[in-house]
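Each chain, letter by letter, is given below.
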Amino acid sequence: QVQLVESGGGLVQAGGSLRLSCAASGRTFSSYAMGWFRQAPGKEREFVARISWSGASTYYADSVKGRFTISRDNAKNTVYLQMNSLKPEDTAVYYCAADRLMNSDRYYYSSKYDYWGQGTQVTVSS
C-alpha cells in the first residue's frame, strides 16, 4: 500500500514558478506510475501530468504542456511537478496519485489511480 503527501504549494504571481513534491511511502513506490491532478473551486478534478515508473515516459495536459515538468526520484520516493510560467487559471488544489498498473491507457482518468494524497493549494495571482 502507498501513502502520498504533497507539499510545495503556495501563492505566486503570474509568470512565476513553483515546484510541488509528493513524498510516497511503501516498498513498491518505484513500480508505480505517478500522476498529478488538480481541482479548482466549482470544477471537476482534471489531469495534469503523468510519469512512468522509470521516468522514461511522460504525459501532459494540453493546458500545461511546455510549462510544467513532471519528474521522479525513486531513490527518494518522491515525484515532482515543476510549474513554470504560471497563470491564474492554474490556481487549484493539486493532488498526486499512484497507479499500480503500468499501461498508459486512460491515464487522464482519475479512476485509474489507486492512491491519492491530500492535496496542496496553488494560488496564482494576476
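Just above, that's the structure.
The notes below deal with the structure included here. (Residues numbered from 1 in each chain as written. Predicted model: local features only at pLDDT ≥ 70, side-chain atom pairs only at ≥ 80, totals over all residues. Heavy atoms only, no water.)

**Focus: the pattern of salt bridges**
Applying the stated rule across the entire model yields five salt bridges. Between Asp90 and Arg38 there is a salt bridge, with the nearest N and O atoms lying 2.9 Å from each other. You can see Asp90 sitting in the loop between strand S8 (78-83) and strand S9 (92-99) and its partner Arg38 sitting in strand S4 (residues 33-39), a full 52 residues away along the chain. For the pair Asp90 and Arg38, a shared accessibility class is recorded, and that class is buried. In this structure, Arg67 and Asp90 form a salt bridge, with 2.7 Å as the shortest nitrogen-oxygen distance. A residue pair is termed long-range when its members are at least 10 positions apart, and Arg67 in the loop between strand S6 (58-60) and strand S7 (68-73) and Asp90 in the loop between S8 and S9 qualify at 23 residues. Each member of the pair, Arg67 as well as Asp90, carries the same accessibility label: buried. Salt bridges sharing partners connect three or more residues here, namely Arg38, Glu46, Arg67 and Asp90. (Salt bridge = Lys/Arg side-chain N within 4 Å of Asp/Glu carboxyl O. Helix = DSSP H or I, 4+ residues; strand = E, 2+ residues; numbered from the N terminus. Buried < 20%, exposed > 50% of the residue type's maximum accessible area, 1.4 Å probe, protein only.)

**Things to note about the state of the cysteines**
By definition, a disulfide links the sulfur atoms of two cysteines through a covalent bond. Per the counting criterion, the structure on display carries one disulfide. Sulfur-sulfur distance for the disulfide between Cys22 and Cys96 comes to 1.9 Å. Sign of the S-S torsion, about 55° for the bond between Cys22 and Cys96, identifies this disulfide as right-handed. Of the two residues, Cys22 is situated in strand S3 (residues 18-24) and Cys96 in strand S9; the sequence distance between them amounts to 74 residues. Under the relative-accessibility criterion, Cys96 is labelled buried at 0%. (Disulfide = S-S within 2.5 Å.)

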